[in-house]
Structures are given as C-alpha cells and as structure tokens.
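Analysis of the macromolecular model
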Amino acid sequence: MNRAVAAASASGIAFRVVEHGPVGSLAEAAAARGVEVADVVKTIVVRLADDDYRFVLVPGDRVISWPKLRTLLGVARMSMPDAATAKAVTGYERGTITPFGATTAWPVIADARIRGRAISLGGGAHGVALSVDADAAIETLQATVADISDPTD
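Counting from 1, residues in each chain are numbered in the order their sequence is written. This being a predicted model, a pLDDT of at least 70 is required before a residue's local features are given, and a value of 80 or more before pairs of side-chain atoms are given or counted; all residues contribute to the totals for chains, interfaces and linings. Calculation of side-chain values draws on the structure's entire complement of heavy atoms; hydrogens and water are dropped beforehand.

1. Concerning the overall build of the protein chain
Selection criterion: Elements are defined by DSSP. Helices are runs of H or I of four residues or more, strands are runs of E of two residues or more, and each kind is numbered from the N terminus. Put simply, the radius of gyration uses C-alpha atoms, and a globule should come to 2.2 Å times the residue count raised to 0.38. Relative accessibility thresholds used throughout: buried, under 20% of the residue-type maximum; exposed, over 50%; partly exposed, between the two (1.4 Å probe, protein chains only).
Scanning the protein chain from terminus to terminus reveals 5 helices and 9 strands. Each helix and strand of the protein chain, placed in order from N terminus to C terminus, yields the pattern α-β-α-β-β-β-α-α-β-β-β-α-β-β. Taking 2.2 N^0.38 as the reference for a compact globule, 153 residues should give roughly 15 Å; the C-alpha atoms of the protein chain span a radius of gyration of 14 Å, in line with that estimate. Each principal axis of the C-alpha atoms in the protein chain carries an extent, and together these give about 40 × 30 × 30 Å. Each of the 153 residues in the protein chain was classed as buried or not, and the buried ones make up 45%.

2. Brief notes about the sheet that holds strand 1 (residues 15-19)
By definition, the strands of a sheet pair up through backbone hydrogen bonds, in either a parallel or an antiparallel sense. Definition in use: The pairing criterion is simple: DSSP has to find at least two bridges between the two strands. Under this scheme, a helix contributes an axis fitted over its contacting stretch, all axes are lines through C-alpha atoms, and angles between N-to-C directions fall in the 0 to 180 degree range. Residue contacts are counted whenever heavy atoms from the two residues lie within 4.5 Å of one another.
An order of 1-7-6 is seen for the 3 strands of this open sheet, with the pairing classed as antiparallel. Sheet topology places strand 1 and strand 6 (118-122) at the edges, where each strand pairs with a single neighbour. The sheet shows a mean angle of 30° between the axes of neighbouring strands, direction not considered. When strand 6 meets strand 7 (residues 128-133), the two strands line up antiparallel, connected through 5 bridges. Bridge assignment links S120 to a residue of strand 7, and that residue is S131. Packed on one face of the sheet, helix 1 (residues 3-11) meets strand 1 and strand 7 and runs near 165° to strand 1.

3. Description of helix 4 (residues 83-90)
Heads up, the condition is: By arc we mean the arc of the directions from the helix axis to the C-beta atoms, nothing more.
Taken as a whole, helix 4 has its buried residues at A86, V89 and T90. Summarising the axial view, the buried residues of helix 4 lie within an arc of 90°, below the 170-degree limit, and thus occupy one face. Looking at helix 4, the residues exposed on the side facing more than 90 degrees away from the buried face are A84 and A88. Structurally, helix 4 contributes buried residues whose contacts are with helix 1, strand 2 (41-49) and strand 3 (52-59).

4. Concerning the packing of aromatic side chains
Put simply, the rule is: The criterion for an aromatic pair is that two Phe, Tyr or Trp rings (for Trp, the six-membered ring) have centres within 6.5 Å, with stacked assigned to planes under 30 degrees apart, edge-to-face to planes over 60 apart and tilted to the rest. Remark: a charge is flagged as sitting over a ring if the NZ atom of Lys or the CZ atom of Arg is within 6 Å of the ring centre and within 35 degrees of the ring normal.
This structure, assessed with the given rule, holds 1 aromatic pair. It is R3 that lies over the ring of Y92; its NZ or CZ is 4.5 Å from the centre.

5. Digging into the environment of E93
You can see E93 is positioned in the loop between helix 4 and strand 5 (108-111). When the C-alpha positions of E93 and S79 are compared, they lie 17 Å apart, and in sequence the two are 14 residues distant. The residues touching E93, leaving out its near neighbours within four places in the chain, are K87 and H126.

6. Brief notes about the pattern of salt bridges
Condition: Here a salt bridge means any side-chain nitrogen of Lys or Arg lying within 4 Å of a carboxyl oxygen belonging to Asp or Glu.
For the structure on display, the rule yields 8 salt bridges. Note that R54 is salt-bridged to D52, the shortest N-O span being 2.6 Å. Given a relative accessible area of 16%, R54 falls into the buried group. Across the salt bridge formed by R113 and D111, the nearest N and O atoms sit 3.1 Å from each other.

That's the geometry; what it means functionally is another story.
Structure follows, in structure tokens:
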C-alpha cells in the first residue's frame, strides 16, 4: 500500500483505488479510470513564497485562474515549482501528486465546481487513482472552496 492510499485509509474517508496502465493525457486518464475528464481532479502545487505552498484541486476540464487565486490568497505573486521542487515539498512526482499522504500537509484549495461530484484524484503513484466523494474529500482535507478556475481554451 503506497503512502497516499495509507493516508486516505487512515483518514476514514470512503474511497476506491483504481489502478491502470500508463496514460499520456488527462483524456487517457479519464478513460482508464472510467470517468469524465471533468471528474479527474488535478492536484497542482503552487508556491506563494519560499517554504509556503498550497495544493490546488482543479477539475480536469479547467485550469487555474491565477487572478482569482491571487485574490483569494491575498498575494501579488505565486508560481508553480519545477518538478524537482514539487517532489521535494510533497513527496510525490508530478502526475501522482495528492494531498493525501504528502510529506507536508500544505493547505488545500478546491475549485467550487468539484462539489457534489464523485472525483478521481492522484493516488501517489503512476497508474493509481483514488475515487472519492468530492464533498467528503473537501471536509477531510479541510479545503477552502472557491471559484478559482477558468475553462480550458
């Protein structure tokens, strides 16, 4: 059992592990997991300052709205760390990142559009996903919920 699955289990949240082969895109991940693209929720790490990060949960058919997120957090600047830094601050490689079992429990911000849905989150390893109720995940992760995304182009 990997760290993400162990942490989800320890949290008491109801979830299902979905394992699949390699995928090359969000659409392939959705197909492999048997869900719509919008229900594949990306966990994106953003850096506010040195040693100050957030997990941002965004539906697969949307992207972070940087202006909305900056306003919510009251900051003028933020960035996405490179792959090595993201792994260093979460314990997970890109494509596997999840707030569950991360090496640091950074605050979580969830886009309001995930509420009321069954979602698929990264499961801490390539080809592993956690299927969970979004509202239960929001509660378990004590996430701030806000409109922080825009449609993909």
